[in-house]
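# Reading the structure
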Amino acid sequence: MITEIRGSWSLVLGVSSGFGRATARALAERGGNIIGVHFDTSDGAEAAAKFADELRDLGVSGHFFNLNAASASTRSEVVSKAAELAGQQGVRIVLHSLAFGSLLPFVSASPEQGTIAPRQLAMTVDVMAHSLVYWTQDLVAAGLLPRGAKIYGMTSAGSTQVLDSYGAVSAAKAALEAHLRQLAVELAPRGVAVNALRAGTTLTPALEKIPGSAAYADACRARNPHGRLTEPEDVAEAIVLLSMSSSSWLTGNVIGVDGGELLTA
């Protein structure tokens, strides 16, 4: 059955930039209410607050939390607030779009180059993969994932490909995809769909932090059949379209949103 976004509630983890920001705007433009979590300081926090105001100007409710999304205390606070806001309606859409981790290599190429430490590797996988499991557990325990709800996690081609200094993030993406498959099976009896979205190369703040990202982006743009890179709005549109169905039959997949980029890799 096709349903409306208007009046629903969405939880966006990583709402202040990239895919999270574009998705929050797309859902709000269709009348969806947004609960967003981000982790910013100074100018970033100010920009996020301004963005929340922009969403509310669209006539929807927008509640942002500038907190560490990987923290148990953050989950407790936000889930409690979500229960208060959404009530029995629950959360219709959950987007996990957290891009925070180490970009140090596993083995140094020179004595001057640092290598990743155990703490950094564990943190990267915890934030970018394990945290989705913990958020889902808390939402289920609070009765906030109704039948027809959708959970999305942002992955990348890096889950199976090797890029310089991307090892920790690659491991996190591979773990995230595994977690999403497991959750898809365990949540199927509840009628909740769980999928990974594999975005194409996108000029986000996270990409710009990767060494050599500019040259990599140029190569991806050149080989993409559409002649351009993926934009956050491409992913946001896919989320809106997939979320307009109340069916949970499309679940447990890695869905490419890349304009065919991976086909020509």
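Just above, that's the structure.
Residues numbered from 1 in each chain as written. Predicted model: local features only at pLDDT ≥ 70, side-chain atom pairs only at ≥ 80, totals over all residues. Heavy atoms only, no water.

## Concerning the sheet that holds strand 2 (residues 33-38)
Rules: Pairing between strands is defined by DSSP: at least two bridges between the two strands are required. Under the scheme used here, helices are H or I runs from DSSP no shorter than 4 residues and strands are E runs no shorter than 2 residues, and both carry numbers assigned from the N terminus. Lines fitted to the C-alpha atoms define the axes, with helices restricted to the stretch that makes contact. Angles between their N-to-C directions range from 0 to 180 degrees. The contact criterion used is simple: two residues touch if any of their non-hydrogen atoms lie within 4.5 Å.
With parallel pairing, 7 strands are arranged side by side in an open sheet as 3-2-1-4-5-6-7. Lying at the two open borders of the sheet, with one neighbouring strand each, are strand 3 (62-66) and strand 7 (254-257). Shown here is a sheet whose adjacent strand axes are inclined to one another by a mean of 20 degrees, direction ignored. As judged from the 4 bridges shared by strand 1 (residues 9-13) and strand 4 (residues 93-96), these two strands associate in the parallel manner. Pairing of S10 across the sheet is with I93, part of strand 4. Relative to strand 5 (residues 150-155), helix 5 (residues 167-187) is tilted by about 165 degrees, and along the sheet it contacts strand 4, strand 5, strand 6 (193-199) and strand 7.

## Quick word on the packing of aromatic side chains
In this description, an aromatic ring pair is defined by two values, namely the gap between the centres and the angle between the planes. As a reminder of what qualifies: Each aromatic pair joins two rings of Phe, Tyr and Trp (for Trp, the six-membered one) with centres within 6.5 Å, and gets the label stacked for planes under 30 degrees apart, edge-to-face for over 60, and tilted for any other angle. Three exposure classes are used, based on accessible area relative to the maximum for each residue type with a 1.4 Å probe and protein chains only: buried under 20%, partly exposed in between, and exposed over 50%. Whether a charge sits over a ring comes down to the Lys NZ or Arg CZ being within 6 Å of the ring centre and within 35 degrees of the ring normal.
In the structure shown here, the tally under the stated rule is 1 aromatic pair. Aromatic pair F51 and F64: ring centres 5.9 Å apart, planes at 55 degrees, arrangement tilted. Here F51, found in helix 2 (residues 42-57), pairs with F64, found in strand 3; they are 13 residues apart in sequence, far enough to count as distant. By the burial criterion, F51 is buried, and F64 matches it. In this arrangement the basic side chain of R21 is found over the ring face of F51, its NZ or CZ atom lying 4.1 Å from the centre.

## Some points on the packing of helix 4 (residues 118-141) against helix 5
So the rule is basically this: Orientation labels follow simple angle bins: below 35 degrees gives roughly parallel, above 145 gives roughly antiparallel, 65 to 115 gives roughly perpendicular, and whatever is left gives oblique. Crossing handedness: left-handed means the near helix sits turned counterclockwise from the far one by under a right angle, and right-handed means the same turn made clockwise. Under the convention adopted here, Pro, Cys and the residues Ala, Val, Leu, Ile, Met, Phe, Trp and Tyr are nonpolar, Asp, Glu, Lys and Arg are charged, and Gly plus all remaining residues are polar.
At a minimum axis separation of 7 Å, helix 4 and helix 5 run at an interaxial angle of 15 degrees. In terms of orientation, helix 4 lies roughly parallel with respect to helix 5. Helix-helix and strand crossings are classified by hand; for helix 4 and helix 5 the assignment is right-handed. Here helix 4 contributes L121, T124, V125, M128, A129, H130, L132, V133, T136 and V140 to the contact with helix 5, which in turn contributes A168, V169, A171, A172, K173, A175, L176, H179, L180, L183 and L187. Grouping the amino acids of the contact of helix 4 with helix 5 by side-chain chemistry returns 16 nonpolar, 4 polar and 1 charged.

## A closer look at the pattern of salt bridges
Cut-off, in case you're wondering: Salt bridge criterion: a side-chain nitrogen from Lys or Arg within 4 Å of a carboxyl oxygen from Asp or Glu.
For the coordinates displayed, the defined rule picks out 8 salt bridges. For E54, the salt bridge identified is with R25, shortest N-O distance 2.7 Å. In this pair, E54 sits in helix 2 while R25 sits in helix 1 (residues 18-29), placing the two residues 29 residues apart along the sequence. A relative accessible area of 25% means that E54 is categorised as partly exposed. A residue is classified by how much of its surface remains accessible, and R25, at 30% relative accessible area, is partly exposed. Note that R221 is salt-bridged to D218, the shortest N-O span being 3.0 Å. Note that R221 and D218 are positioned in helix 7 (residues 213-223) at a spacing of 3 residues, about one turn of the helix.

## Some details on the pairing of strand 7
Going residue by residue along strand 7, you find I255 and V257 tucked away on one face and V254 and G256 left uncovered on the opposite face. One ladder, built from 4 bridges, connects strand 6 with strand 7; its direction is parallel. Residue pairing in the sheet places A196 in a bridge with V254 of strand 7.

Taken by themselves, the reported measurements are silent on function.
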